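For reference, the chains in residue letters:
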Amino acid sequence: MRNRAITLVAGSAPAALSTLLVLVISGLAMLGSETTQRTAAQMLVMGVICVGTYIFVGNSGVLSFGHVVFVAVGAYSTALMTMEPGLKRALLPDLPGWIVDLHLGMAAALPVAGLLALLVSVLCSPLVLRLDGMAAGIASLALLISVNVVIGNWDQVTRGSQGIVGIPADLTVGTALPWLIGAIVLALAYQVSASGFRLRASREDAVAAASLGVRVGRERTIALVISAFVCGIGGGLYAHFLGALTPGDVSLKLTLLALLMLIVGGLRSLSGAVIGTIFISVLAELLRRVEAGGDFGPIALAPHPGIEQVVLALTLLFTLLLRPGGITSGRELGHRLVRRSSRDVETARTEIVAAPEPG
Amino acid sequence: MAQNLINALSLGSLYALIALGIALLFSIMGLINFAHGELITIGGYTLLAFHGLPLAVAVALTVAVVVAAALTMERLAFRPARGASGETLLMTSFALSLLVQGGVLLKEGADPQSVNVLGSLGASVDVGGMTIGKLDVAIIGVTGVLLIGLAWFLRATPLGVQMRAAAEDFTMARALGVRADRVVATAFGVSGAFAAVAAVFLVARTGTLTPSMGLTPVLLGFVAIVLGGLGRLWAAAIGAYVLALLSVMLQAYLPTGLAAYRDALVYLGIIVILLFRPHGIAGRPQGVRV
Amino acid sequence: MTLLEIADLHISYGPVDAVRGVTLDVEKGGVVAIVGPNGAGKTSILSAVQGLVRTRSGTIRLRGAEITDWSPERRARAGIAFVPESRGIFGSLSIAENLSLAACALAEKATAAAQIERSLELFPVLADRLNQRASVLSGGERQQLAIGRALVSSPDLLVLDEPSLGLAPVILDGLFASLAALRDEGRTILVVEQNVSRAVRLADHVYSLRGGLLERLENPQDLVGDPAFRAKHLGME
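The model shown is predicted, which means the values in this text are computed figures rather than measured ones. (Residues numbered from 1 in each chain as written. Chains lettered and ligands numbered in written order. Predicted model: local features only at pLDDT ≥ 70, side-chain atom pairs only at ≥ 80, totals over all residues. Heavy atoms only, no water.)

Colleague: Would you explain the overall build of chain C in this entry?
Modeller: Along chain C, the regular secondary structure elements total 10 helices and 10 strands. Expected size for 237 residues packed as a compact globule is a radius of gyration near 18 Å; at 17 Å, chain C falls within 12% of this value. In terms of principal-axis extent, the alpha carbons of chain C reach across some 50 × 40 × 35 Å. Nonlocal contacts in chain C, meaning residues at least 24 apart in sequence, comprise 68% of its contacts between residues at least 6 apart. Accessible surface computed for chain C: about 9,700 Å², of which carbon and sulfur atoms make up 49%. Here chain C contributes 25 positive and 28 negative side-chain charges, whose respective centroids are spaced 4 Å apart. (Helix = DSSP H or I, 4+ residues; strand = E, 2+ residues; numbered from the N terminus. Rg over C-alpha atoms; globule rule 2.2 N^0.38 Å. Contact = heavy atoms within 4.5 Å. Areas by Shrake-Rupley, 256 points an atom, 1.4 Å probe, with all protein chains shown as cover. Lys, Arg positive; Asp, Glu negative; His and termini not counted. Charge placed at Lys NZ, Arg CZ, Asp CG, Glu CD.)

Colleague: What exactly am I supposed to notice about the nonpolar core here?
Modeller: One broad trend across soluble globular proteins is that nonpolar side chains are buried collectively. Ranked by size, the top nonpolar core spans 258 residues in total, and within it Val51(A), Ile28(B), Met91(B), Leu274(B) and Ile147(C) carry the most contacts. Each of domain 1 (1-79 + 157-163 + 186-236) and domain 2 (85-154) of chain C accounts for three or more of the residues forming this core. The contact partners of Ile147(C), leaving out residues within four places of it in the chain, are Val83(C), Phe123(C), Leu160(C), Leu175(C), Leu179(C) and Leu182(C). Listed in part, the 30 residues of the second largest apolar core include Leu4(C), Ile45(C), Ala78(C) and Val192(C). (Core = buried A, V, L, I, M, F, W, Y, C linked by side-chain atoms within 4.5 Å. Buried < 20%, exposed > 50% of the residue type's maximum accessible area, 1.4 Å probe, protein only. Domains from an automatic or database assignment.)

Colleague: How should the interface of chain C and chain B be read in this particular structure?
Modeller: The interface is formed by 21 residues belonging to chain C together with 18 residues belonging to chain B. For the pair chain C and chain B, the number of links is two salt bridges. The salt bridge involving Glu97(C) is made with Arg164(B); its shortest N-O contact spans 2.9 Å. Across the chain C-chain B interface, the total number found is seven residue pairs in polar contact (both at pLDDT 80 or more). Elements that contribute at least two residues to the side of chain C that touches chain B include exactly α2 (72-77) and α3 (95-101) of chain C. Here the side of chain C that touches chain B gets four residues from one element, more than from any other, and that element is α2(C). (Salt bridge = Lys/Arg side-chain N within 4 Å of Asp/Glu carboxyl O. Polar contact = N/O pair within 3.5 Å; in protein donor to acceptor, adjacent residues only side chain to side chain.)

Colleague: I tried to follow the state of the cysteines on my own but got confused; where do I start?
Modeller: Disulfides are covalent bonds that link the sulfur atoms of two cysteine residues. All names here are of chain A. A complete count under the given rule lists zero disulfides over all chains for this structure. Here Cys124 is not disulfide-linked; the sulfur of Cys231 is the nearest cysteine sulfur, at 12 Å. Owing to a relative accessible area of 11%, Cys124 belongs among the buried residues under this scheme. Of all cysteine sulfurs, the one in Cys50 lies closest to Cys231, which takes part in no disulfide; the gap is 8.7 Å. (Disulfide = S-S within 2.5 Å.)

Colleague: How should I be thinking about the sheet that holds strand β3 (residues 31-35) of chain C in this particular structure?
Modeller: Two strands in a sheet stick together by hydrogen bonds in their backbones, pointing the same way (parallel) or opposite ways (antiparallel). Residues and elements named next belong to chain C. Spatial ordering of the open sheet is given by β6-β7-β8-β3-β9-β10, a layout of six strands whose pairing is mixed. If you trace the sheet from one side to the other, it starts and ends with β6 (80-83) and β10 (213-217), each paired once. Between one strand axis and the next, the sheet turns by 20° as a mean value, whatever way the strands run. As judged from the five bridges shared by strand β7 (residues 157-161) and strand β8 (residues 188-192), these two strands associate in the parallel manner. Residue Leu158 lies in a different strand from β8, and its bridge partner there is Ile189. The strands touched by helix α7 (residues 169-184) are β3, β7 and β8; relative to β8, the strand with the most contacts, the crossing angle is about 145°. (Pairing = 2+ DSSP bridges. Axes fitted to C-alpha atoms, helices over the stretch in contact; angles between N-to-C directions.)

Colleague: Help me out: how do you make sense of the pairing of β10(C) in this one?
Modeller: Looking along a regular strand, one sees side chains alternate from face to face of the sheet. All names here are of chain C. Sheet topology note: the strand β9 (residues 205-210)/β10 ladder contains five bridges and is antiparallel. Within the sheet, the bridge partner assigned to Val206 lies in β10 and is Leu217. With antiparallel pairing between neighbouring strands as the criterion, β9 and β10 make up a hairpin whose turn holds two residues, including Gly211 at a positive phi of roughly 55°.

Colleague: Sorry if this is basic, but what is going on with the sheet that holds strand β4 (residues 57-62) of chain C here?
Modeller: Residues and elements named next belong to chain C. Spatial ordering of the open sheet is given by β2-β1-β4-β5, a layout of four strands whose pairing is antiparallel. In the strand order of this sheet, the two ends are held by β2 (16-27) and β5 (65-66), each with one partner. Summarising the sheet, β4 and β5 pair through two bridges and their orientation is antiparallel. Pairing of Leu62 across the sheet is with Ala65, part of β5. Along the sheet, helix α1 (residues 42-50) makes contact with β1 (2-13), β2 and β4, crossing β1 at roughly 120°.

Colleague: Sorry, what's going on with the UniProt feature "transmembrane region" (unreviewed entry) in chain A here?
Modeller: Residues and elements named next belong to chain A. According to UniProt, the "transmembrane region" (unreviewed entry) feature falls on residues 39-57, 64-83, 103-124, 131-151, 171-190, 222-242 and 254-280. End C-alpha atoms of residues 131-151 are separated by 25 Å, and the span's content is 90% helix alongside 0% strand. With 85% helix and 0% strand, the stretch residues 254-280 has end C-alpha atoms that lie 13 Å from each other. (UniProt positions renumbered as here; feature names shortened; annotations may be inferred.)

Colleague: Explanation requested: the packing of helix α5 (residues 134-156) of chain B against helix α10 (residues 233-253) of chain B in the structure shown.
Modeller: All names here are of chain B. Where α5 contacts α10, the two axes come as close as 12 Å, and the packing angle between them is 165°. Viewed along their axes, α5 and α10 adopt a mutual orientation that is roughly antiparallel. Remark: the crossing between α5 and α10 carries left-handed chirality. Listed contacts from α10 to Thr143, Leu147, Leu150, Ala151 and Leu154 of α5 are Leu233, Trp234 and Tyr241. Grouping the constituent residues of the contact of α5 with α10 by class yields seven nonpolar, one polar and no charged. (Parallel < 35°, antiparallel > 145°, perpendicular 65-115°, else oblique. Left-handed = near helix turned anticlockwise from the far one by under 90°. Nonpolar A, V, L, I, M, F, W, Y, C, P; charged D, E, K, R; others polar.)

Colleague: How should I be thinking about the packing of aromatic side chains in this particular structure?
Modeller: Each aromatic ring pair is summarised here by two numbers: the centre-to-centre distance and the angle between the ring planes. Scanning the model with the defined rule gives four aromatic pairs over all chains in all. With a centroid separation of 5.2 Å and 55° between ring planes, the pair formed by Phe65(A) and Phe94(B) is classed as tilted. In this pair, Phe65(A) sits in the loop between α3 (34-60) and α4 (67-82) while Phe94(B) sits in helix α4 (residues 86-108), so the two residues belong to two different chains. By the ring-pair criterion, three or more aromatic residues cluster together here, those being Phe65(A), Phe34(B), Phe94(B) and Phe222(B). Over the ring of Phe241(A) we find Arg38(A), and its NZ or CZ is 4.1 Å from the ring centre. The lysine or arginine in question, Arg74(C), covers the ring of Trp70(C), its NZ or CZ lying 3.8 Å from the ring centre. (Phe/Tyr/Trp six-rings, centres within 6.5 Å; stacked < 30°, edge-to-face > 60°. Lys NZ or Arg CZ within 6 Å of the ring centre and 35° of its normal.)

See the structure below:
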């Protein structure tokens, strides 16, 4: 019993420390200028999206380019729920009446958006059940592109490539923060659950895990729906951050940004998702300021569009080549605190993956 | 109808060049090279830079620059990552893709630029009542020559045989003494040369350049490869022609309401193929690579 | 002269230790056989000699030069030829192409044709079918192609993994006659073999590998029929 309590306390250390880190950075940002606060809000939104993606990608080891689909579902559905009915009637005259009349606050709309994304993920689950590795990667990319084409042409609901405007752009650090903390807690709860444990065992060695009775497909589906729920909420927050949505906002670019954050932070730990988000957000903001040009004390810079992308790409490249595990290298924050319990996990993992050696 | 067929052949040739460039690397080292699109971008802007020189010279220089770029990518990014998982290689190629795109953005700006490389190829000829663009003839002809050349190289030269062996079982090929560095570098070189020619044809068809111009071709290349069957080299070329035919036919005969969703249908079709026929539409399970 | 020296070799797959401190010398012109139950780590040792698996610690030397960090192709060019348990035949290539592949490990490319000719004399069944795809070959023919191909590179050391696996007894006689002929030519052979009686007849020295540890067998001829020996060293009842 006591052992289990220690494991629980120790196991929640990464969430606690990640949350603390987010709180400190957000607190610092709230002392800053309006621009700084806006950047911090964006960071928190990306945090939710990255943690959501991590729940599936990090635990299963299956690369997905498709999670932005769930973000898109969450973003557009939140927009349709929280916009002024009058504005909706003007922008989207063909929308069914009951959707036009719907007028929820962000806090009420987000869980609904999450559930809608979850429903979509159930439809997508055959992809993760039947496909592995590269085929899964290509399929998820194809899914993202086809959904993007639909969004770009479904004039009655998304207003096509013109996009939706007039979403209440009321997201602040204060209103975004609780959702990120909630996402971190949910991710941790999944990670320490029996399903999360089995899924990570299958990530290390799918064949061995399957031979020990782990139903990989089932565990992947569980991770996928939780992950989609969080991504859907992230999408809703994103809509309220932007105030306007076009298909380009939920395209391959956003997927790559989220994966960049995850990989640089460390794909295989929750702390990695959080640290990667913070690191890349801060770096990107600095680069954006350099890119825009202007006077920085003694140094004057001309605008150089492209610098942000070049430096971020180099960051990703050097991470992949020099530190493939990312900043955290697969470890959780506070892993020294939990050395004891993680050794238990390590032992259990070894038992699971100890397949007969070849020849 | 015949007009559509010529169109599909020309488009299919362009797709085949792109798809083969990607499939060659995938079959040998399991790399899905997203940065292949950026090789095409580099080709396009190189052509712009050499605009004014005789077409043959400009094309030769473009091929040289793109091959050099492909070899540089191999040496600096993919060789250190060799042996890593397919996912890591794919992300490495994404990083390179972003890097080149950012670099082009820095140097050339985001605005589309136009270039007319056609010259006399812009004309068309009348054959039996049909108007056939000289460009289409050139694309079909040059691609044909390149495909035959590649087939000859893979069949008749020791390096070609080594590449085919490496595509089937890279480890065993190395155990027999096949130099991994040389085979991979050759594959990148061929891939780059094909990308350069594809860039010339693409720019000749559209006449516009943007820093992200490589994205659509590379995605179409992936689609062609999946259609043909993952990991099978010549199937990728067949997939490319099938894709072009489908695309031209859908464009011509799809009701207007659905035409806007054509690409969505194509990509959904890809998912269905991956789910139910992972070895391609006409394929059967073969070898170990998936 | 010692051709191959393996010293204190350790190989792990994740948390599993497959080979735990193996030391083994192969004399030039000698034939060394390793026997042992499935999963004992035999294949791991051979793979390490060809450079196909990462070793955790220990050294491998060829003619006195340390090759532990060499790439597989460099080892092939230095004179090691490996015939894996799966035979490593390229099914999409013709038989002639399969044979010609090994020529890239030859120092003098000009001798390639003569080398291929020699292999075809040794295994005449291949000569009639040079332009067929290797995927049409039967199990026995595949093994002949694999060994014939290995010989094309004129190797100093021939490394064979389970050459008898999956072959009919009548084919085995021919195969081991060929191997004995190679031995009598003065070739150096390192072979992993489950068929103990054949391994014992072929080899100068026989080792038993169990649980990743190697043990030299004295007078292996006397042990072949001994049930206690078979139970202990081969995991057979």
